[in-house]
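Okay, here's what each chain looks like letter by letter:
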Amino acid sequence: MVKTDNIKVGISIGDPNGIGGEIILKAFEDNRMLEMYTPIIFGSTKLFSYYAKVFKINTKFQGIKSLEDVVPGKINVMRLFKEPFHVDWGKVDKKAGEIAVKSLQEATKALKSGNIDVLVTAPINKESIQSEEFKFPGHTDYLNQELSGESLMFMVSDKLKVGLLTDHVPVKDVPSNITAKSIKTKIGTIKESLKRDFKISKPKIAVLGINPHVGDNGVIGDDDQKQLIPVLEELRNDGTLIFGPYAADSFFGQKRHEQFDAILASYHDQGLVPFKTLSFGEGVNYTAGLSHVRTSPDHGTGFDIAGKNEASASSFTAAVHMAADIFNARKEYDELTSNVLKIQSKKRR
């Protein structure tokens, strides 16, 4: 079994007017975290000194000018911003958006170059990040451009895993964004992630319908009958353990999700409302399907509680642990499958 000690965890700070800095510092108050991880925060020592003072957090960190200066087992803050930033708690601010984007971009560069092992992102404000240079609705779309693979928004907790067939699109555009190709791609990504990232050898996946009651045989729309059901039947015939589509309104209430390794929801709120109801504070937003590992807490910027010292670091801490677990699981899976291929190659000779 592969085991990687002291994983380098790159951290983008999210919106500086939100709870990102607070949850990052709170997560590493426990010194045991530093026995497993070397955090590298892409931000500003002045900013984090301010956070530590406001929240009376004694977490110690050190500023670095280069990734070559990283000290293992210590909290490293990469000095990206020289100019001071006035924190205005809970406010949408273009300058705050620029800082959030710069932190994400630099952390992503470090991920691609191998200077960090995994990326954990603190929450951003989707309005303040918009600019001529950055026109993405969120982290997932940006990372899908920067990293190889096909991204999938995968909400994960110990007992529940929910993927999204469509994510940040208006409800009115959901049916037009669902195609045979996208269905096959998303299901394939979930299947591969469950095997490679979560060590589930024969994953069982449920799919939720597009329309209420799966369209009631066309009475409430025919999107399920025309777009979803034929593709699921094709995948079943090919051996994929795919089930549904199920009516979403009763699926979770009847605890049917407990019968499956993952659920694929047709659109954002259909999947995230039950996930956050059942797992809030414990769940992790994982971008599956990409060449590198990125996780995030299951909540937003928390503008309503920013600056009040009320934010819980539980989901952010879970995101750090999960990123490391997936990183190790991938190394183990790749090593095992590589050995199998070598053995098969020798037998053919």
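Up top you'll find the structure we're talking about.
Here the residue numbering is sequential within each chain, running from 1 through the sequence in written order. Whole-chain, interface and lining totals are the exception, using all residues; otherwise, since this is a predicted model, local features are given only for residues with pLDDT of at least 70 and side-chain atom pairs are given and counted only at 80 or more. Note that water and hydrogens are dropped before the side-chain values are worked out from all heavy atoms of the structure.

1. Let's talk about the nonpolar core
And then number 1: Side-chain atoms within 4.5 Å are what join buried Ala, Val, Leu, Ile, Met, Phe, Trp, Tyr and Cys residues into a set we call a nonpolar core. Buried, partly exposed and exposed residues are distinguished by accessible area as a fraction of the type maximum, computed with a 1.4 Å probe on protein chains only: under 20%, between the cut-offs, and over 50%, respectively. Phe28, Phe154, Ile187, Phe198 and Phe316 are the most contacted members of the largest nonpolar core, which totals 89 residues.
And then number 2: Whether two residues are in contact is decided by their heavy atoms, any of which lying within 4.5 Å being enough. Each residue touching Phe316, except ones within four places of it in the same chain, is listed here: Ile11, Ile23, Ile24, Ala27, Phe28, Val120 and Pro297.

2. Let's talk about the sheet that holds strand β7 (residues 161-164)
And then number 1: Pairing in this open sheet of 12 strands is mixed, and the strands run β3-β4-β2-β1-β5-β12-β11-β6-β7-β10-β8-β9 from one edge to the other. Only two strands of the sheet have a single neighbouring strand rather than two, namely β3 (62-64) and β9 (242-246). Within this sheet the neighbouring strands show an average axis-to-axis angle of 25°, counted without direction.
And then number 2: What counts as an axis is a line fitted to C-alpha atoms, over the stretch in contact for a helix, and the angles between N-to-C directions run from 0 to 180 degrees. Only runs of H or I of at least four residues qualify as helices and only runs of E of at least two qualify as strands under DSSP, and these elements are numbered from the N terminus. Helix-sheet contacts for helix α5 (residues 139-146) involve β5 (118-121), β6 (149-156), β11 (284-290) and β12 (293-297), and the interaxial angle to β6 is about 150°. Between any two strands, pairing holds if DSSP finds at least two bridges.

3. Notes on the pattern of salt bridges
Two side chains of opposite charge can pair, provided their charged atoms sit close to one another.
And then number 1: In the sections that follow, a salt bridge refers to a side-chain nitrogen of Lys or Arg positioned within 4 Å of a carboxyl oxygen of Asp or Glu. Throughout the structure, instances matching the rule amount to 14 salt bridges.
And then number 2: In this structure, Lys135 engages Glu132 in a salt bridge whose closest nitrogen and oxygen atoms are separated by 3.4 Å. Comparing Lys135 with Glu132 shows no difference in burial state: the two are exposed.
And then number 3: Here Lys226 makes a salt bridge to Asp222, at a shortest N to O gap of 3.1 Å.

4. Overview of the packing of helix α6 (residues 180-196) against helix α7 (residues 223-237)
And then number 1: In the contact formed by α6 and α7, the axes pass within 10 Å of each other and the chain directions differ by 50°. Relative to α7, the element α6 lies oblique. Crossing hand, α6 versus α7: right-handed. Seen from α6, the contacting residues are Ala180, Ile183, Lys184 and Ile187; seen from α7, they are Gln227, Leu228, Val231, Leu232, Glu234 and Leu235. Working rule for angles: under 35 degrees goes down as roughly parallel, over 145 as roughly antiparallel, 65 to 115 as roughly perpendicular, anything else as oblique. Crossings are classed by handedness, with left-handed meaning an anticlockwise turn of the near helix from the far one by less than a right angle and right-handed meaning a clockwise turn.

5. Digging into the packing of aromatic side chains
And then number 1: Pairs were defined over the aromatic rings of Phe, Tyr and Trp, the Trp ring being its six-membered one, requiring ring centres within 6.5 Å. Orientation was assigned from the angle between planes: stacked under 30 degrees, edge-to-face over 60, tilted for the rest. A complete count under the given rule lists 16 aromatic pairs for this structure.
And then number 2: Aromatic pair Phe48 and Phe61: ring centres 6.5 Å apart, planes at 75°, arrangement edge-to-face. Note that Phe48 is positioned in helix α3 (residues 45-55) and Phe61 in the loop between α3 and β3, a separation of 13 residues in sequence.
And then number 3: In this structure Phe61 comes out as partly exposed when scored by relative accessible area, which is 23%.
And then number 4: Members of the aromatic cluster, each reached through a chain of ring pairs, are Phe48, Tyr50, Tyr51, Phe55, Phe61 and Trp89.
And then number 5: Across the ring face of Phe260, the terminal group of Lys204 is positioned such that the distance to the ring centre comes to 5.8 Å. For a lysine, the NZ atom is tested; for an arginine, the CZ atom; a charge sits over a ring if that atom is within 6 Å of the ring centre and within 35 degrees of the ring normal.

6. Observations concerning the environment of Lys199
And then number 1: With respect to the element layout, Lys199 can be found in the loop between α6 and β8 (205-208).
And then number 2: In the analysis that follows, any N or O atom pair within 3.5 Å is treated as a polar contact, provided that within protein one partner can donate a hydrogen and the other can accept it, and provided that, for residues neighboring in sequence, both atoms belong to side chains. At 3.1 Å, the side chain of Lys199 and the side chain of Glu332 are in polar contact.

7. Description of the environment of Phe154
And then number 1: Inspection of the secondary structure assignment puts Phe154 in strand β6.
And then number 2: Judged by relative accessible area, Phe154 falls into the buried class, the value being 0%.
And then number 3: For the pair Phe154 and Arg256, spaced 102 residues apart in sequence, the C-alpha separation works out to 19 Å.
And then number 4: Apart from the residues lying within four places of it in its own chain, the contact partners of Phe154 are Lys161, Val162, Gly163, Ile190, Ser193, Leu194, Phe198, Ala262, Val284, Asn285, Tyr286 and Ala288.

8. What about the environment of Pro297?
And then number 1: Topologically, Pro297 is positioned in strand β12.
And then number 2: Residue classification places Pro297 among the buried positions, given a relative accessible area of 2%.
And then number 3: The spacing of Pro297 and Met155 is 142 residues in sequence and 9.5 Å in space, taken between C-alpha atoms.
And then number 4: Not counting residues within four places of it along the chain, the set of residues in contact with Pro297 comprises Ile23, Thr121, Pro123, Gly283, Asn285, Ser315, Phe316 and Ala319.

9. Considering the packing of helix α4 (residues 94-113) against α5
Two measures define how a pair of helices packs: the angle their axes make with one another and the distance between the axes.
And then number 1: Taken N-terminus to C-terminus, the directions of α4 and α5 make an angle of 40°; their axes are 11 Å apart at the nearest point. By the angle between their axes, α4 is oblique relative to α5. Viewed along their axes, α4 and α5 form a crossing whose handedness is right-handed. On the side of α4, the interface is formed by Leu104, Gln105, Thr108 and Lys112, while α5 contributes His139, Tyr142, Leu143 and Glu146.

10. Focus on the side chain of Thr121
And then number 1: Position of Thr121 among the secondary structure elements: in strand β5.
And then number 2: In this structure Thr121 touches Ser12, Leu104, His139, Arg294, Thr295, Ser296 and Pro297, once residues within four positions along its chain are discounted.

11. A short note on the pairing of β7
And then number 1: Burial along β7 is two-sided: Lys161 and Gly163 and Val162 and Leu164, pointing in opposite directions, are all buried.
And then number 2: Judged from the three bridges that link them, β6 and β7 form a sheet pairing that is antiparallel. Each bridged residue has a counterpart across the sheet, and for Val156 the counterpart in β7 is Lys161.
And then number 3: In this structure, the hairpin formed by β6 and β7 is closed by a connection of four residues.
And then number 4: Pairing between β7 and strand β10 (residues 262-265): three bridges, direction parallel. Within β10, the residue paired with Val162 across the bridge is Ile263.

12. Section: the side chain of Ser157
And then number 1: Structurally, the position occupied by Ser157 is in the loop between β6 and β7.
And then number 2: Residue class for Ser157 comes out buried when judged on its relative accessible area of 6%.

Everything listed is a geometric property; what it means functionally is a separate question.
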